[in-house]
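What follows is the residue order along each chain.
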Amino acid sequence: MPTDTAQTIARLEGVSKRYGAVQALDGLDLDIQRGEVLALLGPNGAGKTTTVSLLLGLIRPDAGQVSLFGLDPAERAGRERSGAMLQVSRLPEVITLREHIELFSSYYPHPLPLEETLALSGLTEIAGRRYGGLSGGQQQRLKFALALCGDPEVLFLDEPTVGLDVDTRREFWNVIRARVAKGTTVLLTTHYLEEADALADRIAVVDHGTIIAADSPAEIKSRTAGKRIRCVTGLAPEAVARLPEVKDVTRHGAALEILAARAEPVVRALLAQDAGLSDLEVSGVGLEQAFLALTRQPRKEAA
Amino acid sequence: MNAVMTRPLSATTRTYLLEARAEFLRVWRTPGFVLPTLLFPLMFYLFFGVLLAHGAHGLQQSLYALGGLGSFGVIGPGLFGFGVGFALDRGLGWLQVKRASPMPATAYLLAKVLMAMMFSCLIAALLFAMAAFLAHVSLERSQWAALGLTLVLGCVPFCALGLAVGAWVKPQAAPAAVNLLYLPMSFLSGLWMPLQFLPAFMQKLAVYLPTYHLGKLAFAAIGVQPDAVLPHVAALAIFTAVFLLVAARGYRVNPPSNG
């Protein structure tokens, strides 16, 4: 049995999981190291929530191995050392925050003092309020408090800021950062590259149930950095896609939108092949577009 | 080293008590649960047991209503508090949050049973007070005790029924499903009026309803219809076992979801 100093907190090896016709995970491999903040980045339906659910023992894999602290995640011992913030529709609304946290704290062998949990999640002033009367950001903070109250070694945060406005999201990041500063390991899922970049030491990009890239945020960003070229051309998108340096081509009405690592060779080739090319524009790539290119999913419109 | 650290007993007890308190408060603070569970039996007793109970058989009617509506009353918390509550927890994500925590699985179910028992105690106490002070029912101390015990323990099979309903029915549909069971079952089991006022075929049907057997035990406890206790206890035990099997099957077919 691994000891407490083991560096690997959790591991998934060749894990597959199918829901009916949907292959949620397809041979996924992932390690979470002690002390790191790992962001699982991917579009909706990529398999992020399934990964977290497996690590928490909420579901079983169809194939492959999942372990948490070297144990089967179904065992209670692992859950006593972890905290989870899930995407769920509803918590009991007529229970006050203090009552919610008091109950959850009692599940853990060495919980944080109640007042500390409240303070860390920024809920001290509203501890007597009922869950149902809270704003979206406050409700997320309570879910975070429930994940935190057992003083866990690892936090699983499944889309912690989904649905929050920009300011609330940034406030929430600070709450998470304060915890990370204490050395807590974090697995975060998100479909915002900006969020992964702001919080994580390492980003694993997941798409169609497998990890397609795992690296530092800087490396992921540099790999996705590039230029966006827009022009009206008679060339077929398939032909343009074959040009060197081109990562992705999408059609927008009469225009083509091309993502490329470098713009110059592509523009040169385009002009050489199509004398009638017009409305040429070159600009930097936004983070979300870069991410879309990385998942190599041709999309009609940036959704 | 032992892989499983045993929790101190006091910590476990505290979890169970806090869990039960949270369940009780959830129902207590939800008017949609607390009004039908508390007010219906009391209101019916006011009509059938107090206002309409006069003349030669008045006292007999007050007694009958005490046993019948007492039984009716303790079915409510099991079906509404437990059943609808479980359907919501299972369908909208709360159960997932709890399963991801180290909550002892038994704490969840036991807390809901304790909640139902607390409400049953409350309903029984209020009905007893109405019976004694408004309807002037007088019983031996042992009879009050026997009825009280019957009612508080009698809510358990209906917790199992609530669990079964909650395991199969969608959260939005749960209140309607529970009402469809609650009111007809109570009526057809003679909890509102004696069975002899119902058509003969309906009287024969009653024996297949768990509510009938709870009613029989309640009536026996206060001497309204002296009867052997054991067959009805056995019937309720069988119903409970069947409901639990149905619930377990439903839980496998409709596992908890994040909603």
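Residues numbered from 1 in each chain as written. Chains lettered and ligands numbered in written order. Predicted model: local features only at pLDDT ≥ 70, side-chain atom pairs only at ≥ 80, totals over all residues.

### What about the overall build of chain A?
Step number 1: In terms of regular secondary structure, chain A is built from eleven helices and 13 strands.
Step number 2: Structurally, chain A occupies a C-alpha span of about 75 × 45 × 35 Å along its principal axes.
Step number 3: The buried share among the 303 residues of chain A stands at 41%.
Step number 4: In chain A, 69% of the contacts between residues at least 6 apart in sequence involve partners at least 24 apart. (Helix = DSSP H or I, 4+ residues; strand = E, 2+ residues; numbered from the N terminus. Buried ≥ 20, exposed ≤ 12 C-beta atoms within 10 Å, placed from the backbone. Contact = placed C-beta atoms within 7 Å.)

### Let's talk about the interface of chain A and chain B
Step number 1: Contacts between the two partners involve 26 residues from chain A, matched on the other side by 25 residues from chain B.
Step number 2: Counting only elements with at least two residues in the side of chain A that touches chain B, the list comes to α2 (76–79) and α3 (97–105) of chain A.
Step number 3: The greatest single-element share of the side of chain A that touches chain B, amounting to four residues, is contributed by α3 of chain A.
Step number 4: For the side of chain A that touches chain B, the per-class residue count stands at 17 nonpolar, three polar and six charged. (Nonpolar A, V, L, I, M, F, W, Y, C, P; charged D, E, K, R; others polar.)

### Points about the sheet that holds strand β1 (residues 8–19) of chain A
Residues and elements named next belong to chain A.
Step number 1: The strand order β2-β1-β4 describes an open sheet built from three strands, whose pairing is antiparallel. The open sheet has two edge strands with one neighbour each: β2 (22–33) and β4 (63–68). This sheet shows a mean twist of 20° between the axes of neighbouring strands, independent of strand direction.
Step number 2: With five bridges connecting them, β1 and β4 associate as antiparallel partners. (Pairing = 2+ DSSP bridges. Axes fitted to C-alpha atoms, helices over the stretch in contact; angles between N-to-C directions.)

### Details of the pairing of strand β9 (residues 210–215) of chain A
Step number 1: Sheet analysis places strand β8 (residues 202–207) of chain A next to β9 of chain A, joined by five bridges and oriented antiparallel. Opposite Val-206 of chain A, over in β9 of chain A, you have Ile-211 of chain A as the bridge partner.

### What about the nonpolar core?
Step number 1: By size, the foremost hydrophobic cluster in this structure holds 135 residues, and its most contacted members are Ala-39, Leu-41, Ala-145, Phe-156, Leu-187 and Leu-188 of chain A together with Leu-163 of chain B.
Step number 2: Sort the elements by how many residues they give to this core and helix α3 (residues 58–92) of chain B lands first, with 16 residues.
Step number 3: Excluding residues that lie within four positions of it along the chain, Leu-163 of chain B makes contacts with Phe-82, Gly-83, Phe-86, Phe-243 and Ala-247 of chain B.
Step number 4: Counting eleven residues, the second largest nonpolar core, distinct from the first, contains Val-240, Leu-256, Ala-260 and Val-266 of chain A. (Core = buried A, V, L, I, M, F, W, Y, C linked by C-beta atoms within 7 Å.)

### Some details on the confidence of the model for chain B
Step number 1: On average, residues of chain B carry a pLDDT of 93, and 98% of them reach 70 or more.
Step number 2: For this predicted complex, the interface confidence comes out at an ipTM of 0.89, alongside a pTM of 0.84. (pLDDT = per-residue confidence, 0-100.)

### Description of the environment of Leu-110 of chain B
All names here are of chain B.
Step number 1: As for its placement among the helices and strands, Leu-110 is situated in helix α5 (residues 105–133).
Step number 2: Its 15 C-beta neighbours within 10 Å are what place Leu-110 among the partly exposed residues.
Step number 3: Distance in space between the C-alpha atoms of Leu-110 and Phe-128 is 26 Å, their sequence separation being 18 residues.

### Things to note about the domain arrangement of chain A
Step number 1: Segmenting chain A into domains produces domain 1 (8–221) and domain 2 (226–284).
Step number 2: In this structure, domain 1 of chain A and domain 2 of chain A have C-alpha centres spaced 40 Å apart. (Domains from an automatic or database assignment.)

### A closer look at the sheet that holds strand β12 (residues 255–260) of chain A
All names here are of chain A.
Step number 1: Strand order in this open sheet of four strands is β11-β12-β10-β13, and the pairing throughout is antiparallel. Across the chains shown, the open sheet's two edge strands, defined by having one partner strand only, are β11 (246–252) and β13 (278–284). Pairwise comparison of adjacent strand axes, ignoring direction, gives a mean angle of 15° for this sheet.
Step number 2: The pairing of strand β10 (residues 227–232) with β13 spans five bridges and is classified as antiparallel. In the sheet register, Val-232 faces β13, and the bridge partner there is Ser-278.
Step number 3: Sitting on the sheet, helix α10 (residues 264–273) is in contact with β10, β11, β12 and β13, with an inclination near 15° to β10.

### Digging into the packing of helix α6 (residues 141–154) of chain B against helix α10 (residues 210–221) of chain B
All names here are of chain B.
Step number 1: Running from N to C, α6 and α10 cross one another at 165°; their axes reach a closest spacing of 8 Å. What the angle tells us is that α6 and α10 run roughly antiparallel. At the point where α6 passes α10, the crossing takes the right-handed sense. For the pair α6 and α10, the contacting residues are Gln-143, Ala-146, Leu-147, Thr-150, Leu-151 and Gly-154 in the first and Leu-214, Leu-217, Ala-218 and Ala-221 in the second. (Parallel < 35°, antiparallel > 145°, perpendicular 65-115°, else oblique. Left-handed = near helix turned anticlockwise from the far one by under 90°.)

### Comments concerning the confidence of the model for chain A
Residue and element names in this part refer to chain A.
Step number 1: Here chain A shows a mean pLDDT of 88. Residues at 70 or above account for 91%.
Step number 2: Highest mean pLDDT in chain A belongs to α3 (97); lowest belongs to helix α11 (residues 287–294) (62).
Step number 3: Within the model, the stretch residues 297–303 combines pLDDT values under 50 with nine contacts to residues more than four positions away or in other chains.

### Section: helix α8 (residues 174–188) of chain B
Residues and elements named next belong to chain B.
Step number 1: The end-to-end C-alpha distance of α8 is 21 Å, a good match for the 21 Å that 15 residues give at a rise of 1.5 Å each.
Step number 2: Here α8 has its buried residues at Ala-174, Val-178, Tyr-182, Met-185 and Ser-186. Down the axis, α8 shows its buried residues gathered within 95° of arc, on one side only. Away from its buried face by more than 90 degrees, α8 exposes Ala-176, Leu-180 and Pro-184.
Step number 3: Those residues of α8 that are buried lie in contact with α3, α7 (156–168) and α10.
Step number 4: One or two residues past the end of α8 sits Gly-190, with phi positive at roughly 75°. (Expected span 1.5 Å × (residues − 1). Arc of directions from axis to C-beta.)

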